[in-house]
Amino acid sequence: MSVLELREITKVFPGVVANDHVSLSLEEGEIIALLGENGAGKTTLMNVVYGLLSCDGGELLVDGRPVKIKSPRHAIDLGIGMVHQHFMLVQPLTVTENIVLGHEPARFGVIDFATARKKVLEISARYGLKVDPDSRIMDLSVGMQQRVEILKALYQGARILILDEPTAVLTPQEVRELFAVVRSLVNEGLSVVFITHKLEEVMAVADRILVMRDGRLVGETRPSDTDTVGLARMMVGRDVVLRVEKAPRACGDTVLEVDGLHVKDDRGLEAVRGVALSVRGGEIVAIAGVDGNGQREIVESIVGLRKPTSGTIRLKGEDITHASARSSIEAGVSHIPEDRHRRGLILEFTIAENLMLGDHRLAPYSTRGLMRPTAVTAMAKRRIVDYDVRTPSERVLASALSGGNQQKVVVAREIGRDPELLVAAQPTRGLDVGAIEFVHRQILKERDSGKAVLLVSLELEEISALADRILVIYEGRIVKEFAAGEADDETLGFYMTGGGGSKLAPETGATGARGEGER
Amino acid sequence: MSETHEALPEQRRWMGVVQQIGAPVISVIIAIGIGSVIMWVSGYDAGAAFAALFKGSFGSPKAFGDTLLRATPLIFTGLAVAYGFSAGLFNIGAEGQLFMGGLAAAYLGVQLAAQPWYAAVPVLLLGAMAAGAAWAFVPAVLKARIGAHEVITTMMFTYIGKYLVSWLVVGPLKAPGQIPQTVTIGTSAQLPRIQTLFSEATLEALPFLRFGRAHMGIVVAILFAVIMWAILKYTTLGYEARAVGFNPTAAETGGISVSSTIIKALCISGALAGLSGAVEVMGVHYKIFDQFSSGFGFTGIAVALVAKKNPLGVIPAALLFGALSAGSGLMQLEADVPQKIISIIQAVVIFLIAAESVIQWFIKRRQKEALSHAG
Amino acid sequence: MLGDILTPDLFASALRMATPLALAAIGGTLCERSGVVNIALEGIMLIGAFAAAAAGLATGSGWLGLLAAIAAGVAVSAIHAFSSINLKSDQVVSGTAINILALGVTGFLMELLYGHPGTTDPVPQMLRPVFHFPNGGEGVLGTVWTWINSIVFSHTPIVYLAIAVAVIAQWAMYRTRWGLRLRALGEHPRAADTVGINVSRGRWIAVMMSGALGGMAGANLVLEQVGSFTENMTNGRGFIALAANIFGRWTPVGSYLASLLFGFADALQIKLQLFRAEIDIPPQFFLMLPYVLTVVVLAGVIGRAVSPAAVGVPYEKG
């Protein structure tokens, strides 16, 4: 009997059918992967199952009984747990407080913290998920936080566990550990729904693969019956070139030169500890690393958003260490920020207004503080065509564009400025395959025209597709350098987690060894 | 996909019109309705009250003049709050900056009594702007440098400013006599009443020009509304203010200095509020005293919200609240309804407009969802 | 002269002056911890004060006055809750509307009920001090007792109530189920939602609690300090209370202690006005003192005080 069954689930948002008559079932002790691009409707579907959204049609069965799940509370009571892509953890609270939140052991409303702590330790020991119950979430690594999320679901008594893009923030080693954890959970009788858009992962972990596209279930298969190419075709609906063509590099003079860079993060802790790197014209240098190892701080100091504590940054020999964001733009540094909604765009501005951001004080867009609307409009119209922004007019608000088109606006602005150096931080995060291809081609074009590109990415796939040289960063230091094609993902992952002589060996959980064996 | 795209500008233009004009108008109508219910419940004759209210605000040229008289400072405080909103700042303390602007005008008006009007008037206005800006400067710096919430700090500066004025009018700047007030400013520094610009013969012929106490400040106010509109739309100053107001992080990434933009914007807001005090001194009282503003700074918040932070929208919004204020006197006199009902109506308008912005946001989100699926 | 200023009653007065600020500040703490900014405290306090006076005048009972103030505070805060939580209005704008509404409603009702603006008649039955111990006599022991007696035992009920509220709220925030959930709501409401906590309900309760405390603060002003209601008598105390909440780092006891600082400034300026003859400073400068102190405190503390992450952000389900 299926532990979970969805029959013809339909969910409509104003103007969009997010889930179109989706039916699927999950057997006890099974791992199914829900595969699809960003926006295919996977998360919406699981939010319906978890009671965060109500569906507009269809039926849900848990253990064969039809249920109407009205709230997460209800879902939890039915034994459904969910680990969200963006962790649902309260940063200043402790691990224990987060795990018991909503289901606190208490007498007359007073929390019994001793019992709570004991229960957390029990579950943690039983599933081999080690945590310090008294740490605050904000002091934990991302992998550790995910562990807390899983423990939270287990504490709540989950028998069905939904994991939403769980590997997005993990290193290859952490991913293998996670897979091992998932298998041990299944051995304990749990059933798992694994949401992802990464093809290798579904091949590695899933018993059964369900592919979603545009809100519909478009296929079902097993890892033994398919390969990544077949899966990609099913997911995107056409043949996909998994790798963009790349011309051999023709290196020019050094454009960016960073030396002895030390930078502090927002909390005042040293995040970058003596980084030296250089980027020449016509090459793409990529910084590979786990999120939070100082990449953000390096990028922000190069583009003038953060003051380094020591070290120098030179652009074509000119010292820009203490340049403001404005003078750094004027010196020829462009920046595709990692978060387009927070840093890249002003959503309430029109496309034209967004396209001149950063150049708005310069001729021809303004002279002596007065704007020149005709020049702005002409530039905007040109770039909309050049960069294929799908919009009826340059007067449309940025908020009205799709994610891919929004990123095209950012790329159009930053590359259209014709910079000496392009700093691209996670330039394809959250985009669909088509938009990723577009952004990659633009970045390569920039390189081929002799410009310097510094790429920061968490996606090893992206790094190996674009980079001419790869710098691995760990705890604020460049720990290893590779030429393109010199290292595979495993090797990169090894250095990304502090392997290769740095003080920390890759963290091995209780199930790490098993994960190794299964690869 | 293309259909969705092509339908959008049309839709947006239509919705834009509804949102810009329709929603505030509807909010005001509902608020007046609620005001009527309150009057009715309290045993007053709402019909008579509104008749008196209308008579006192639009019933005669003189009544309309009173409306203009009240609208004049409200245009300035409305512009002040609206400009702050544009940069993401809530200048709740316009009242205090108004006091300082009034103080500067009252002081300079006495000092420059011997100067011709074309020298005195601009200096008074500039002085008031400087004083208002100065009063906003410390909250502005605290906001920009350490993030101290301007709602608390500008409010505190309002109290400090009021006590400062109340000391000066009994102390160093006190005019001879019993009443705590300053010396009357020179006639050349005064803003003339509109009707004095016309000859008696013209007024005989065109009696609707007898605007009573309304003064030239209204012209200055409208001029400033146009200037502020142009600044927001056509200058880098306004562009940067709006960028910071919408998304300071993205603005910073685009090379805009967030802290200096905040300081500039709050000081400009303060300067506008300072002008409000100046026109009250120069056009109405010719001196300053303890209670010379009847909360124009706070009413300016309602004005700015009804105007949807658009400087040109501030003009009709200020006229509306000016009319309510002008008519409320006659309303109390003829229908015996406490003038305070106006504050209640004002509050209800603010509630409705604040809630309505949600509807707007919701519409935007729908558009976005529709497009993100299409794209 | 310093001896004439630093008397036991100065400190007793500081405690009294701190009480309305502390109640409102703790109200602000609970409200902001749940994720809702409460700029409306000023108006809530004012309406609470009016309700206390009106009920006190009508019934002749101070205690009924207090109850009426709490009820009125809760009622007004419900408007803020509805507009902030359900309509998802801008919380600062909604709070401002309530402050303007409070001025209007209290002024309107003054004229409707009493036929004149300004100040009501004195409330006949104010809340009296709880204890009545004689002061100490001569000698060290006598002096010590006089100090203790005036600082600790000279107060009216709401003054003690405020201390109790601070301690109980602090304990509840860190020890109870309600407190843990409250802290989660203001930091990460979606996380709370996903473990089955009702975000709207939690925020509604917190906002109404702040309304009750704000009403109580108003009752203290009328029934224990002034003895009658005057239009706009709160005079910015709601805003100072918010500053005290920030200075107290969003904790009830911290809010209380910060309010003590402001209360002391207030007590000091009142005391100093008595010595106007000796110290030649105009009274207006003393009156400015609490407001100046508020700005100074905010300037000194903000960079290091971290507000709840989700404060001011309406919660969107789904």
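### Digging into the sheet that holds strand β9 (residues 160-164) of chain A
All names here are of chain A. Pairing in this open sheet of six strands is mixed, and the strands run β6-β9-β10-β3-β11-β12 from one edge to the other. Two strands close off the open sheet at either side, each with one partner strand: β6 (80-83) and β12 (216-221). The sheet shows a mean angle of 20° between the axes of neighbouring strands, direction not considered. Where β6 lies against β9, four bridges are found, and the strand directions are parallel. Its bridge partner lying in β9, Val 83 is registered against Leu 163.

### Here we look at the domain arrangement of chain A
Considered domain by domain, chain A is made up of domain 1 (4-236), domain 2 (242-332 + 419-519) and domain 3 (338-418). The C-alpha-based centres of domain 1 of chain A and domain 2 of chain A are spaced at 31 Å.

### As for the packing of aromatic side chains
Enumeration according to the criterion identifies 27 aromatic pairs over all chains in this entry. Seen from their ring centres, Phe494(A) and Tyr495(A) are 5.4 Å apart, and the 75° between their planes marks the pair as edge-to-face. Look at Phe494(A) and you get partly exposed, because its relative accessible area is 34%. Owing to a relative accessible area of 15%, Tyr495(A) belongs among the buried residues under this scheme. With a centroid separation of 6.0 Å and 70° between ring planes, the pair formed by Tyr44(B) and Phe108(C) is classed as edge-to-face. One end of the pair, Tyr44(B), is in the loop between α1 (2-41) and α2 (46-58); the other, Phe108(C), is in helix α5 (residues 91-114), on a second chain.

### Considering the interface of chain B and chain A
Between chain B and chain A, the contact holds 32 residues from the first and 38 residues from the second. Summed over both partners, the interface of chain B with chain A buries about 3200 Å², with 63% contributed by carbon and sulfur atoms. Joining chain B to chain A, the criterion identifies three salt bridges. Between Glu252(B) and Arg343(A) there is a salt bridge, with the nearest N and O atoms lying 3.3 Å from each other. Inspection of the region where chain B meets chain A yields 15 residue pairs in polar contact (both at pLDDT 80 or more). For the side of chain B that touches chain A, the elements supplying multiple residues, two or more each, are α1, α8 (217-234), α9 (236-246), α10 (248-253) and α14 (341-374) of chain B. Residues that form the side of chain B that touches chain A fall into these classes: eleven nonpolar, eleven polar and ten charged.

### Observations regarding the interface of chain B and chain C
Listed as interface residues are 40 residues of chain B and, on the opposing side, 45 residues of chain C. Counting each side, the surface lost to burial between chain B and chain C is near 3700 Å², with a carbon and sulfur contribution of 81%. A per-residue breakdown of the area chain B buries against chain C is headed by Ile152(B), Tyr163(B) and Phe351(B), which together make up 19% of the total. Scanning the region where chain B abuts chain C turns up one salt bridge. As a salt-bridge pair, Glu231(C) and Lys340(B) come within 2.8 Å of each other at their nearest N and O atoms. Put simply, chain B and chain C have four residue pairs in polar contact (both at pLDDT 80 or more) between them. Breaking the side of chain B that touches chain C down by element, the ones donating at least two residues are α5 (117-146), α6 (150-168), α12 (296-306) and α14 of chain B. A per-element tally of the side of chain B that touches chain C places α6(B) first, with twelve residues. Split into classes, the residues belonging to the side of chain B that touches chain C amount to 32 nonpolar, seven polar and one charged.

### Quick notes on the confidence of the model for chain B
In the predicted model, chain B carries a mean pLDDT of 89, and the fraction of residues at 70 or more is 89%. Ignoring residues within four places in sequence, the model shows residues 1-7 of chain B, a span with pLDDT below 50, making nine contacts including any to other chains.

### Brief notes about the sheet that holds strand β24 (residues 477-483) of chain A
All names here are of chain A. Ordered by their spatial adjacency, six strands build an open sheet running β18-β21-β22-β15-β23-β24, and the pairing between neighbours is mixed. Whereas interior strands pair on both sides, the edge strands pair on one side only; in this sheet they are β18 (333-336) and β24. Across the sheet, the axes of successive neighbouring strands diverge by a mean angle of 20°, strand direction being ignored. Summarising the sheet, β18 and strand β21 (residues 421-425) pair through four bridges and their orientation is parallel. Within the sheet, the bridge partner assigned to Ile 336 lies in β21 and is Ala 424. Contacts from helix α17 (residues 489-496) reach β15 (284-288), β23 (469-474) and β24, with the element oriented near 35° to β23.

### Brief notes about the pairing of β24(A)
All names here are of chain A. Bridging between β23 and β24 involves six bridges; their strand directions are antiparallel. Residue Ile 473 lies in a different strand from β24, and its bridge partner there is Ile 478. Connecting β23 to the next strand, β24, in antiparallel fashion are two residues, including Glu 475 with a positive phi near 45°.

### Considering the side chain of Ser366(A)
Turning to its location among the elements, Ser366(A) is positioned in strand β19 (residues 366-367). According to the relative accessible area criterion, Ser366(A) is buried, its value standing at 3%. At 2.7 Å, the side chain of Ser366(A) forms a polar contact with the backbone oxygen of His360(A). Dropping the residues within four chain positions of it, Ser366(A) is found in contact with His360(A), Arg361(A), Met371(A), Arg372(A) and Thr236(B).

### Points about the packing of α5(B) against α6(B)
All names here are of chain B. Where α5 meets α6, the axes come as close as 9 Å, and the angle between the chain directions of the two elements is 155°. Taken as axis vectors, α5 and α6 run roughly antiparallel relative to one another. When you trace α5 past α6, the crossing you get is right-handed. Facing α5, whose interface residues are Trp 135, Val 138, Pro 139, Leu 142 and Lys 143, α6 presents Glu 150, Thr 153, Thr 154, Phe 157, Thr 158, Ile 160, Gly 161 and Leu 164. Taken together, the residues that form the contact of α5 with α6 break down as seven nonpolar, four polar and two charged.

### So, the pairing of strand β2 (residues 16-27) of chain A
Residues and elements named next belong to chain A. Where strand β1 (residues 2-13) lies against β2, eight bridges are found, and the strand directions are antiparallel. Counted as the bridge partner of Val 12 is Val 17 from β2. Hairpin connection of β1 to β2: two residues between the antiparallel strands, including Gly 15 at a positive phi of 85°.

### Focus on the packing of helix α2 (residues 8-33) of chain C against helix α6 (residues 139-152) of chain C
Residues and elements named next belong to chain C. Viewed as axis vectors pointing N to C, α2 and α6 meet at an angle of 20°, and their least axial separation amounts to 8 Å. As the angle between them shows, α2 and α6 are arranged roughly parallel. As α2 runs across α6, the sense of the crossing is right-handed. Together, Pro 8, Phe 11, Ala 12 and Leu 15 of α2 and Thr 146, Trp 147, Ser 150 and Ile 151 of α6 make up the contact between the two elements. Split by residue class, the contact of α2 with α6 holds six nonpolar, two polar and no charged.

### What to know about α17(A)
Every α-helix winds through 3.6 residues per turn, so residues three or four apart in the chain are directed the same way. Residue and element names in this part refer to chain A. Inspection of α17 places Leu 492, Gly 493, Tyr 495 and Met 496 among the buried residues, and these make up the whole buried set. The buried residues of α17 all sit within an arc of 165° when viewed along its axis, so they share a single face. Where the residues of α17 are buried, they touch α6 (172-187), β15, α16 (460-466), β23 and β24. Backbone geometry just after α17 places Gly 498 at a positive phi near 90°.

Quick notes on the rules
Residues numbered from 1 in each chain as written. Chains lettered and ligands numbered in written order. Predicted model: local features only at pLDDT ≥ 70, side-chain atom pairs only at ≥ 80, totals over all residues. Heavy atoms only, no water. Pairing = 2+ DSSP bridges. Helix = DSSP H or I, 4+ residues; strand = E, 2+ residues; numbered from the N terminus. Axes fitted to C-alpha atoms, helices over the stretch in contact; angles between N-to-C directions. Domains from an automatic or database assignment. Phe/Tyr/Trp six-rings, centres within 6.5 Å; stacked < 30°, edge-to-face > 60°. Buried < 20%, exposed > 50% of the residue type's maximum accessible area, 1.4 Å probe, protein only. Contact = heavy atoms within 4.5 Å. Buried area = accessible area lost by both parts, 1.4 Å probe. Salt bridge = Lys/Arg side-chain N within 4 Å of Asp/Glu carboxyl O. Polar contact = N/O pair within 3.5 Å; in protein donor to acceptor, adjacent residues only side chain to side chain. Nonpolar A, V, L, I, M, F, W, Y, C, P; charged D, E, K, R; others polar. pLDDT = per-residue confidence, 0-100. Parallel < 35°, antiparallel > 145°, perpendicular 65-115°, else oblique. Left-handed = near helix turned anticlockwise from the far one by under 90°. Arc of directions from axis to C-beta.

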